[in-house]
Amino acid sequence: MYWYAAAQHSSPGTYFQTAALCLIVAVTLIAVGRHQRRTGRSIFTPDGSVRAANGLLPAAPPRKSKRATGRIYLFSGWFLALGVAINLINGIRAARS
């Protein structure tokens, strides 16, 4: 139990700054992951239709690897959301003492 008490020596501002940073990254990862998992296309390169000469080439079909990558983004985002909760709890505890 002594190792946990030693971790409480940070200032409340440090915990709240870390929670804010984790929240921004978590929301971004969750949004990108949801889009990529649902559509099977990357948010950065959406693989849209391409005009060549006088015709329109169809878009490439959605890929399963993009959906798997979306799930990884979602997992990482929710893991960081857990870090937000832990940092908020530690910040409140540090502010009380």
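A quick note: this is a predicted structure, and the numbers were derived from the prediction, not measured.

Thoughts on the overall build of the chain
Point 1. For the chain, the count of helices and strands is three helices and two strands.
Point 2. A total of 97 residues make up the chain; the buried ones form 21% of that total.
Point 3. Look at the contacts in the chain between residues 6 or more apart in sequence, and 70% of them connect residues 24 or more apart.
Point 4. Of the roughly 7,200 Å² of accessible surface on the chain, 67% is carried by carbon and sulfur atoms.

Considerations on a positive patch on the surface
Point 1. Together, Arg 34, Arg 37, Arg 38, Lys 64, Arg 67 and Arg 71 line one region of the surface with positive charge.
Point 2. Put simply, the parts of the chain that give the positive patch at least two residues each are helix 2 (12–39) and helix 3 (64–96).
Point 3. Among the structural elements, Arg 71 can be located in helix 3.

Regarding helix 3
Point 1. Given a rise of 1.5 Å per residue, 33 residues ought to cover 48 Å, and the 49 Å separating the end C-alpha atoms of helix 3 matches this to within 8%.
Point 2. All of the buried residues along helix 3 are Gly 70, Leu 74, Gly 77, Gly 83, Val 84, Asn 87, Asn 90, Gly 91 and Ala 94.

Some points on a nonpolar patch on the surface
Point 1. On the surface, a nonpolar cluster with roughly 470 Å² of combined accessible area is contributed by Phe 75, Phe 79, Leu 82 and Ile 86.
Point 2. Mapped onto the secondary structure, Phe 79 falls in helix 3.

A word on helix 2
Because an α-helix completes one turn every 3.6 residues, residues spaced three or four positions apart along the sequence face the same direction.
Point 1. A rise of 1.5 Å per residue sets the reference length of helix 2, with its 28 residues, at 40 Å; its end C-alpha atoms lie 41 Å apart and thus fit the reference within 8%.
Point 2. Backbone geometry just downstream of helix 2 places Gly 40 in the positive-phi region, at approximately 75°.

Side note on the environment of Val 25
Point 1. The residue Val 25 is located in helix 2 in this model.
Point 2. When the C-alpha atoms of Val 25 and Ser 76 are compared, they prove to be 9.5 Å apart, with 51 residues separating the residues in sequence.

Concerning the environment of Leu 21
Point 1. Counting through the fold element by element, Leu 21 comes out in helix 2.
Point 2. Using a relative accessible area of 56% as the deciding quantity, one classes Leu 21 as exposed.
Point 3. For the pair formed by Leu 21 and Val 84, sequence separation is 63 residues and the distance between their alpha carbons is 8.5 Å.

Some remarks on the packing of helix 2 against helix 3
Point 1. Following both chains from N to C, one finds helix 2 and helix 3 inclined at 160°, their axes separated by 7 Å at the closest point. What the angle tells us is that helix 2 and helix 3 run roughly antiparallel. When the axes of helix 2 and helix 3 are compared, the crossing they make is left-handed.

Things to note about the environment of Tyr 15
Point 1. Within the secondary structure, Tyr 15 sits in helix 2.
Point 2. For Tyr 15, a relative accessible area of 8% translates into the label buried.

Thresholds applied
Residues numbered from 1 in each chain as written. Predicted model: local features only at pLDDT ≥ 70, side-chain atom pairs only at ≥ 80, totals over all residues. Heavy atoms only, no water. Helix = DSSP H or I, 4+ residues; strand = E, 2+ residues; numbered from the N terminus. Buried < 20%, exposed > 50% of the residue type's maximum accessible area, 1.4 Å probe, protein only. Contact = heavy atoms within 4.5 Å. Areas by Shrake-Rupley, 256 points an atom, 1.4 Å probe, with all protein chains shown as cover. Patch = residues over 30% accessible without salt bridge, like charges linked within 9 Å, V, L, I, M, F, W, Y side chains within 5 Å. Salt bridge = Lys/Arg side-chain N within 4 Å of Asp/Glu carboxyl O. Lys, Arg positive; Asp, Glu negative; His and termini not counted. Charge placed at Lys NZ, Arg CZ, Asp CG, Glu CD. Expected span 1.5 Å × (residues − 1). Axes fitted to C-alpha atoms, helices over the stretch in contact; angles between N-to-C directions. Parallel < 35°, antiparallel > 145°, perpendicular 65-115°, else oblique. Left-handed = near helix turned anticlockwise from the far one by under 90°.

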